[in-house]
Amino acid sequence: MGDVADVGVAVVGSLPFTTLSPTAVTVVRLPARHMGVTAAKMLLERINGDKQPARTVVLRNEVQPARSSLRV
């Protein structure tokens, strides 16, 4: 196993503990509100009788790189 400096860390979602880390942690921010609104609309479509095949919706995310995942 290599040195701990060989390990990169990233989290998905805005987790509160990321601010407690001694090294800034890379975060992938998710559009939580947009995800919820989209899911609710899709559910209501099904409840109202939509018989279309299931579909995939891709939402934009934002990567905030930090020292925990940078290579020098």
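What this report covers is the structure whose coordinates are included nearby. Quick caveat, the model's predicted, so the values are computed rather than measured.

Okay, the overall build of the chain next. Of regular secondary structure, the chain possesses one helix and three strands. Beginning at the N terminus, the succession of helices and strands in the chain can be written as β-β-α-β. Of all 72 residues assigned to the chain, the portion counted as buried reaches 14%. In the chain, the proportion of contacts linking residues at least 24 apart, taken out of those at least 6 apart, comes to 60%.

For the rest of this paragraph, the subject is the pattern of salt bridges. If you walk through the whole model with that rule in mind, you get one salt bridge. Note that Glu 45 is salt-bridged to Arg 55, the shortest N-O span being 3.1 Å. Taken together, the positions of Glu 45 in helix H1 (residues 32–47) and Arg 55 in the loop between H1 and strand E3 (62–64) put the pair ten residues apart, joining distant regions of the chain. Note on Glu 45: relative accessible area 32%, which makes it partly exposed.

Procedures and definitions
- Residues numbered from 1 in each chain as written.
- Predicted model: local features only at pLDDT ≥ 70, side-chain atom pairs only at ≥ 80, totals over all residues.
- Heavy atoms only, no water.
- Helix = DSSP H or I, 4+ residues; strand = E, 2+ residues; numbered from the N terminus.
- Buried < 20%, exposed > 50% of the residue type's maximum accessible area, 1.4 Å probe, protein only.
- Contact = heavy atoms within 4.5 Å.
- Salt bridge = Lys/Arg side-chain N within 4 Å of Asp/Glu carboxyl O.

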